[in-house]
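Commentary on secondary and tertiary structure
One-letter residues, chain by chain:
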Amino acid sequence: MSAPAVRLPVSRGLSRWLGEHLSLLAGAGILAFFILLALAAPLVAPYDPVAQMADVRLQPPSLAHPFGTDNFGRDVLSRVIWGTRIDLQIAFIGVAFPFVIGTLLGTVAGFFGGIVDTVFMRVIDIILAFPFLVLMLSIIAILGPGLASFYIAMALVGWVSYARLVRAQILVLKNSDYAVAAVSLGFSRARIMFRHLLPNAIAGSLVFVMSDAVLVLLNGAAISYLGLGVQPPTAEWGIMVAEGQPFVTTAWWITLFPGLSIVFLAFAFSLLGDALGDLLGVHE
Amino acid sequence: MHRYKFVLYRPLQLLPVLFGISVITFVLVRLIPGDPARVLLGTRATPTAIARIREQYGLDEPIWLQYFYFIENLGRGEMGKSILYKIDVLKLIATRIEPTLMLVLTSVVLSILIALPMSAIAARCQGRLPDHAVRIVSTMGIGFPPFWLALMLIIFFSVQLDLFPVSGYGETIPEKLWHLALPSLTIALSLSAVITRSLRAAMIHSLRSDVATAARARGMPEGIVFWRHVLPNSLVPTINLLAVNIGWLIGGSVVVESVFALPGMGQLLVRAIFSRDYMVVQGVAMVFACATVLVNFLADIITVTVDPRVKL
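Residues numbered from 1 in each chain as written. Chains lettered and ligands numbered in written order. Predicted model: local features only at pLDDT ≥ 70, side-chain atom pairs only at ≥ 80, totals over all residues. Heavy atoms only, no water.

A tally of regular secondary structure across chain A gives 12 helices and zero strands. Seen in sequence order, chain A has helices and strands lined up from the N terminus as α-α-α-α-α-α-α-α-α-α-α-α. The C-alpha extent of chain A, read off along each of the three principal axes, is 75 × 75 × 30 Å. Residue pairs at least 24 apart in sequence account for 72% of intrachain contacts in chain A once pairs closer than 6 positions are excluded. Here chain A displays about 12,900 Å² of accessible surface, and carbon together with sulfur accounts for 69% of that area. Considering chain A, the positive charge centre built from 14 side chains and the negative charge centre built from 15 side chains are found 11 Å apart. (Helix = DSSP H or I, 4+ residues; strand = E, 2+ residues; numbered from the N terminus. Contact = heavy atoms within 4.5 Å. Areas by Shrake-Rupley, 256 points an atom, 1.4 Å probe, with all protein chains shown as cover. Lys, Arg positive; Asp, Glu negative; His and termini not counted. Charge placed at Lys NZ, Arg CZ, Asp CG, Glu CD.)

Below, the structure written as structure tokens:
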């Protein structure tokens, strides 16, 4: 008789925990699915993503080709699966460089203050005056099309948001008791900055990483769509949408599925961002 | 009147930013590897034309003097000629401003028309089904790639229903608005997702504010409390949000203009990149940056006007 009485609160606690962390679980679940798909692409994809099969051009979805085929007779499902690799890479690398550079510069600027800080803040103001995508496109125009140019442009432009976020935190934290204590103990500046201040200042940036990943993914796909990022015949979701555009009225499946993949991956990042914000107590 | 003092001194504060914008746009073209004169004129340039460009921009002079010439030319309203269109870049851009401006304005109006009812319903049903639905839809809406959403709208509204044109721009104002319907809906669907998230939070905050409670205590019906007190107080953060997102909005318009072949600045930029028309790239980047600065300045003025408590 006592067993249900014990089990009930536990299961209620579990369902409550699940309910409260629904966005965390859903976001992590979708992201894990895409990561597994990317890793297992050669095993899961039914066809070669760039193999052209002349006899099956523009086939609607069927059992043999669940997402249909494109105008070269390439299997859209296989291309979407292989595209996962490139688009995840775009989101991860496109966020990683700006995150590291921006956090380092923002920490140093906030900690030292004075002329260093003023110069950094002015540079940030100027870069932020340019619409993000316009500055990205202008830099890619100079470097030439391609993923490498995209990553370089991201590193040059994207760091400003992270620098601003972490600098604002460091400015507050460097006057806290534990920072003053660390100074009076004679710790080196580097140790105070990176061992004491940075771990306490980073929460907001970690949440921002997720909403930034959405923007980077959308911008990366948009730049490939415009023909300035990933080059054909590589399977990438943005360029797949561009390739399907001439057939959009007759063969909708070429554009629908890569676009939906972007929507779901972006949704996963947004959900994780919301969940992380709640967990770390950070709100924009 | 003294609340508006910043209108006089803010442009002075903005001078360093404008200086920075001019330096970045100047550097953009100078960073291209190779002889700038040859780059600007294309591969088939004659030696006399190259010599003329070298003299016009002082390409044999030190870099700081070249920058001075660049600013001097700008002062005369000249940035250099487009290789493709053979006219001065600033004159070329001037002909392309209207479609972009119309696209941005219609998108903002449309997105507010979508976001207002969505956030009002969510805020008044907080924690219940309609609220959850709005939150999921707006979280998902942020991740819609504009170039793909545009094509999906084309399939539905142009191919299935045959309601709106797929590309181009008109001559008269009704024609233009008709052509802008799908492009602005594309941007508005994404933008309204961003606005809804912030507007919902602002409305929930004002629904619980003392102002709203006092109004209810005076016996004011909930509907009037909402229209007269909650809504106006929630709109101020939304104006700032729109200003902060103007760069993102311009980026979206660049992509959407390319999808719908709208003859605006965004389409000009993308075509210029492909034809290596670097002067045009430089000019569009500079004009967009100045527009961003201007919009933020205007948003400050609007904020001060609608909210008497704000001091800048």
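What follows covers the interface of chain B and chain A. Accessible area lost when the parts come together is the quantity often used to give the size of an interface. In this complex, chain B contributes 42 residues to the contact, which on the side of chain A involves 42 residues. With both sides pooled, the region where chain B packs onto chain A buries about 3,600 Å², and carbon together with sulfur makes up 84% of that total. The interface formed by chain B and chain A contains one salt bridge. The partner of R197(B) in a salt bridge is D274(A), with the nearest N and O atoms 2.9 Å apart. Remark: the boundary between chain B and chain A carries four residue pairs in polar contact (both at pLDDT 80 or more). Counting residues per element, the ones that place at least two in the side of chain B that touches chain A are α1 (6-30), α6 (129-141), α7 (146-160), α11 (246-260), α12 (265-274) and α13 (278-306) of chain B. With eight residues, the top contributor of residues to the side of chain B that touches chain A is α11(B). Residues of the side of chain B that touches chain A, tallied by class, amount to 33 nonpolar, eight polar and one charged. (Buried area = accessible area lost by both parts, 1.4 Å probe. Salt bridge = Lys/Arg side-chain N within 4 Å of Asp/Glu carboxyl O. Polar contact = N/O pair within 3.5 Å; in protein donor to acceptor, adjacent residues only side chain to side chain. Nonpolar A, V, L, I, M, F, W, Y, C, P; charged D, E, K, R; others polar.)

So, about the packing of aromatic side chains. For any pair of aromatic rings, the description consists of the separation of the ring centres together with the inter-plane angle of the planes. Scanning the model with the defined rule gives 20 aromatic pairs over all chains in all. Seen in terms of ring centroids, F26(B) and Y67(B) are 5.3 Å apart; in terms of plane orientation they differ by 80°. Their pairing is edge-to-face. Residue F26(B) is found in helix α1, and its partner Y67(B) is found in helix α4 (residues 63-75); the two are separated by 41 residues along the sequence. On the basis of an interplanar angle of 85° and a centroid distance of 5.0 Å, the ring pair of F156(B) and F157(B) is categorised as edge-to-face. Here the aromatic residues F67(A), W252(A), W253(A) and F257(A) are joined through ring pairs into a cluster of three or more. Above the face of the F187(A) ring, R191(A) is positioned so that its terminal group lies 4.0 Å from the ring centre. (Phe/Tyr/Trp six-rings, centres within 6.5 Å; stacked < 30°, edge-to-face > 60°. Lys NZ or Arg CZ within 6 Å of the ring centre and 35° of its normal.)

Here the focus is unusual backbone geometry. At the junction of P232(A) and P233(A), the peptide bond is cis and its omega measures out at 10° in the coordinates. Checked against the element boundaries, P233(A) lands in the loop between α10 (203-225) and α11 (237-244). Its identity is not glycine, yet K86(B) carries a phi of approximately 60°, on the positive side. If you trace the backbone, K86(B) turns up in the loop between α4 and α5 (89-124). The phi dihedral of D162(B) falls on the positive side, at around 55°, and the residue is not glycine. Structurally, the position occupied by D162(B) is in the loop between α7 and α8 (173-207). Overall, D162(B) belongs to the exposed group, its relative accessible area being 63%. (Buried < 20%, exposed > 50% of the residue type's maximum accessible area, 1.4 Å probe, protein only.)

To continue, consider the UniProt feature "transmembrane region" (unreviewed entry) in chain B. All names here are of chain B. According to UniProt, the positions carrying the feature "transmembrane region" (unreviewed entry) are residues 12-32, 100-121, 133-157, 177-199, 238-260 and 280-306. The annotated region residues 238-260 carries 96% helix and 0% strand content, and the separation between its end C-alpha atoms amounts to 28 Å. Spanning residues 280-306, this segment combines 100% helix with 0% strand, and its end C-alpha atoms are found 38 Å apart. (UniProt positions renumbered as here; feature names shortened; annotations may be inferred.)

Counted by the stated rule, this structure contains 11 salt bridges over all chains. Of the charged contacts, one joins R216(B) and E222(B) as a salt bridge, the two residues approaching to 2.8 Å between their closest N and O atoms. On the accessibility criterion, E222(B) (31% relative accessible area) is partly exposed. Among the charged side chains, a network of salt bridges with common partners joins D70(A), R74(A), R79(A) and E243(A).

What follows is about the UniProt feature "domain: ABC transmembrane type-1" (unreviewed entry) in chain A. Mapped onto the present numbering, the UniProt feature "domain: ABC transmembrane type-1" (unreviewed entry) falls on residues 84-273 of chain A. Structurally, residues 84-273 of chain A comprises 83% helix and 0% strand, and the distance from its first C-alpha atom to its last is 20 Å.

Before going further, it helps to spend a moment on the environment of L25(A). Residue and element names in this part refer to chain A. Of note, L25 is situated in helix α2 (residues 22-39). With 247 residues separating them along the chain, L25 and L272 place their C-alpha atoms 8.3 Å apart. Apart from residues no more than four positions distant in its own chain, L25 is found in contact with W17 and L18.

On to the UniProt feature "domain: ABC transmembrane type-1" (unreviewed entry) in chain B, then. When the UniProt feature table is mapped to this numbering, "domain: ABC transmembrane type-1" (unreviewed entry) covers residues 97-299 of chain B. Helix and strand shares over residues 97-299 of chain B are 83% and 0% respectively, and the end C-alpha atoms of the span are 20 Å apart.

With that settled, the discussion passes to a nonpolar patch on the surface. Residues and elements named next belong to chain A. On the surface, F112, I115, V116, V119 and V123 cluster together into a nonpolar patch covering about 410 Å² of accessible area. Ranked by the residues each element gives to the nonpolar patch, the list is headed by helix α5 (residues 114-129), at four residues. Positionally, I115 belongs in helix α5. (Patch = residues over 30% accessible without salt bridge, like charges linked within 9 Å, V, L, I, M, F, W, Y side chains within 5 Å.)

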